[in-house]
Amino acid sequence: MALSMSHRPPPPTKPLDASLRGYLATNADIVTRVTKPVHMADIGALSAQSDQPIVFENIVEKPGFRLCDILVKTRRSQARALGTSPENYLRTLAYRLRQPARGLKIVKSGPVKEVVKLHNEADWTELPIPFHKDKDAAPYITAMNIIRDPETGFYNSCHAGTHAVGPRRGLISFVTPHSHVIMGKYRDMGLDAMPIAFVFGVPPAYEIMANFSGLHMDAWGEMEMVGTIMDRDIEMVPCETLELNVPAEAEIVVEGHVNLKDRFKVGEVTSPSMYHLPHYEDLPEVEVSAITMRGDRPIYRNHQTCPDTDHQPLPRLCHEAVLYNRLSEIGVDVKDVRFPTWGAALSCIIQFSYPREGMVNDALMLAMGAPWLNTKLVVAVSPDTDLDDPGDVYHAIATRCDPARDVVVVPNTRGSPYDPSARPLEGQYPWRIVGKMGIDATVKSRHDPADFERAWPRNWGKVKLSDYL
Ligand SMILES: [Mn+2]
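Residues numbered from 1 in each chain as written. Predicted model: local features only at pLDDT ≥ 70, side-chain atom pairs only at ≥ 80, totals over all residues. Heavy atoms only, no water.

**Focus: the nonpolar core**
Argument step 1. Judged by nonpolar contacts, the single largest core of 75 residues is most densely connected at Leu97, Ile208 and Ile350.
Argument step 2. Counting residues per element, this core draws most heavily on helix α9 (residues 317–330), which supplies seven residues.
Argument step 3. Here this core spans two domains, and each of domain 1 (89–301) and domain 2 (331–447) adds at least three residues to it.
Argument step 4. What isoleucine 208 contacts, discounting residues up to four positions off in sequence, is Val72, Ala81, Leu93, Ile229, Leu314, Leu317 and Cys318.
Argument step 5. The next biggest cluster of nonpolar side chains, apart from the first, holds 39 residues, and it includes Phe56, Trp124, Met183 and Ile196. (Core = buried A, V, L, I, M, F, W, Y, C linked by side-chain atoms within 4.5 Å. Buried < 20%, exposed > 50% of the residue type's maximum accessible area, 1.4 Å probe, protein only. Helix = DSSP H or I, 4+ residues; strand = E, 2+ residues; numbered from the N terminus. Domains from an automatic or database assignment. Contact = heavy atoms within 4.5 Å.)

Here it is as structure tokens:
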């Protein structure tokens with residue numbers, strides 16, 4: 001097999017947009033623009049009914065702002081984020097993640113500086129920050145944030161959910177290990193505060209990269225790789241009140257410091273598994289020192305966290321690409337890897353064809369043993385299963401799997417804090433322990449392949465009922 005060449009995707013046809021508003025204009029054919037007046041209290045429930053990007057143009061309580069969401073829920077919109085087709089999306093991301101970091105371009109100013117509010121003038125409760133679920137005690141910020149590793153200078157990014165509990169005060173939930181490592185480095189330097197910038201409204205590729213998780217801190221930060229996966233320069237401008245640079249083309253940036261000394265108890269997380277787990281967290285606080293933004297109705301980026309929204313796929317898009325690379329190294333021909341929104345961020349589907357017996361279990365074990373805590377249930381399927389249809393995946397499990405020989409169960413593995421079926425580990429809150437299951441629902445090489453050919457009506461997929469109504 002020509003492993004070295006066959007995984008290189010076709011080059012991009014045209015450059016990606018530098019800004020979110022440019023992206024929304026270029027991709028207007030898949031963007032829903034809501035121009036009727038909408039109340040803040042209804043934005044979450046309305047956003048979550050859309051599968052494609054949605055922009056609220058007319059927010060009753062926040063007339064100076066727009067709000068967008070659901071930028072990366074489907075392969076169709078994910079492909080737009082990288083400027084490619086849905087068929088080429090995953091191998092494009094996988095290929096670009098194998099390339100060296102492009103770095104950042106520092107410029108003096110940019111559109112995000114059109115409005116500057118410093119210190120007591122900065123009040124982030126003026127932004128259109130929604131409540132995400134009934135039990136929320138405060139509006140909940142989901143934006144990408146940037147912190148700088150004081151040792152390497154690299155820019156680490158993630159989306160730490162932050163409760164906006166006051167005009168200049170937040171409680172921030174860092175769930176990624178790198179944020180904690182970097183906070184520790186600031187503490188070791190004798191500092192009791194860490195600079196942080198919240199970045200609202202950037203092209204979706206920034207956010208895909210910001211959610212990378214793996215060994216990278218000695219080579220680059222997520223921000224240094226944004227230009228690599230976008231195949232373009234990323235311009236950064238200096239903050240007003242911090243020693244930190246932020247994307248010049250962002251819609252809104254909030255500058256602040258994380259208090260490294262104290263912790264505050266906050267209840268009821270909105271987990272990507274769509275439960276109220278863990279029940280509480282002890283969180284550091286953030287103090288806001290500046291807000292800068294565009295002058296013309298800046299677009300606030302929300303990530304509605306429940307039910308199935310960007311919250312399930314976004315943190316796992318780089319995971320899919322990393323698994324694509326690893327599975328390809330086994331020698332199977334990978335068509336897709338998917339953490340479906342309906343899989344509660346605990347389940348992964350791997351889709352491939354394979355030349356001989358034995359490879360499916362290795363592929364299942366590879367995915368089940370992934371570094372992250374979201375591969376409790378892994379299903380292997382063949383290229384003819386439609387991953388956009390949960391019913392088709394269920395059909396493959398029901399008809400292509402002999403439970404006595406095609407299911408692998410492993411007890412006592414790391415459980416997700418978001419999995420109510422996992423057993424809480426005493427004295428290790430919020431960690432849990434759970435088993436894992438791999439299901440081989442592929443076409444079986446031990447049988448006649450003709451047995452697995454599906455029956456379809458004549459002209460299936462060609463004639464549409466809607467044309468006859
Ligand atoms: Mn990181």
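**Description of the packing of aromatic side chains**
For any two aromatic rings, the description comes down to two numbers: the centre-to-centre distance and the angle of the planes.
Argument step 1. Applying the stated criterion across every chain, the model contains six aromatic pairs.
Argument step 2. Plain terms: the ring middles of tyrosine 280 and tyrosine 429 are 4.4 Å apart, the flat faces sit at 10 degrees to each other, and that makes the pair stacked. Of this pair, tyrosine 280 sits in strand β16 (residues 280–283) while tyrosine 429 sits in the loop between β23 (423–424) and β24 (432–441); the two residues are 149 residues apart in sequence, bridging distant segments of the chain.
Argument step 3. On the basis of relative accessibility, which here comes to 29%, the residue tyrosine 280 falls in the partly exposed class.
Argument step 4. On the basis of relative accessibility, which here comes to 42%, the residue tyrosine 429 falls in the partly exposed class.
Argument step 5. Look at tryptophan 456 and tryptophan 460: their rings are 5.7 Å apart centre to centre, the planes differ by 15 degrees, and that puts the pair in the stacked class.
Argument step 6. For tryptophan 456, a relative accessible area of 49% translates into the label partly exposed.
Argument step 7. On the basis of relative accessible area, tryptophan 460 is assigned to the exposed category, the value being 57%.
Argument step 8. In this structure, arginine 169 packs its charged tip against the face of phenylalanine 264, placed 4.8 Å from the ring centre. (Phe/Tyr/Trp six-rings, centres within 6.5 Å; stacked < 30°, edge-to-face > 60°. Lys NZ or Arg CZ within 6 Å of the ring centre and 35° of its normal.)

**Focus on unusual backbone geometry**
Argument step 1. Backbone torsion omega between leucine 277 and proline 278 reads -15 degrees, so that peptide bond is classified as cis.
Argument step 2. Position of proline 278 among the secondary structure elements: in the loop between β15 (264–267) and β16.
Argument step 3. A cis amide bond links tyrosine 429 with the next residue in sequence, proline 430, at an omega value of 5 degrees.
Argument step 4. Mapped onto the elements of the fold, proline 430 is located in the loop between β23 and β24.

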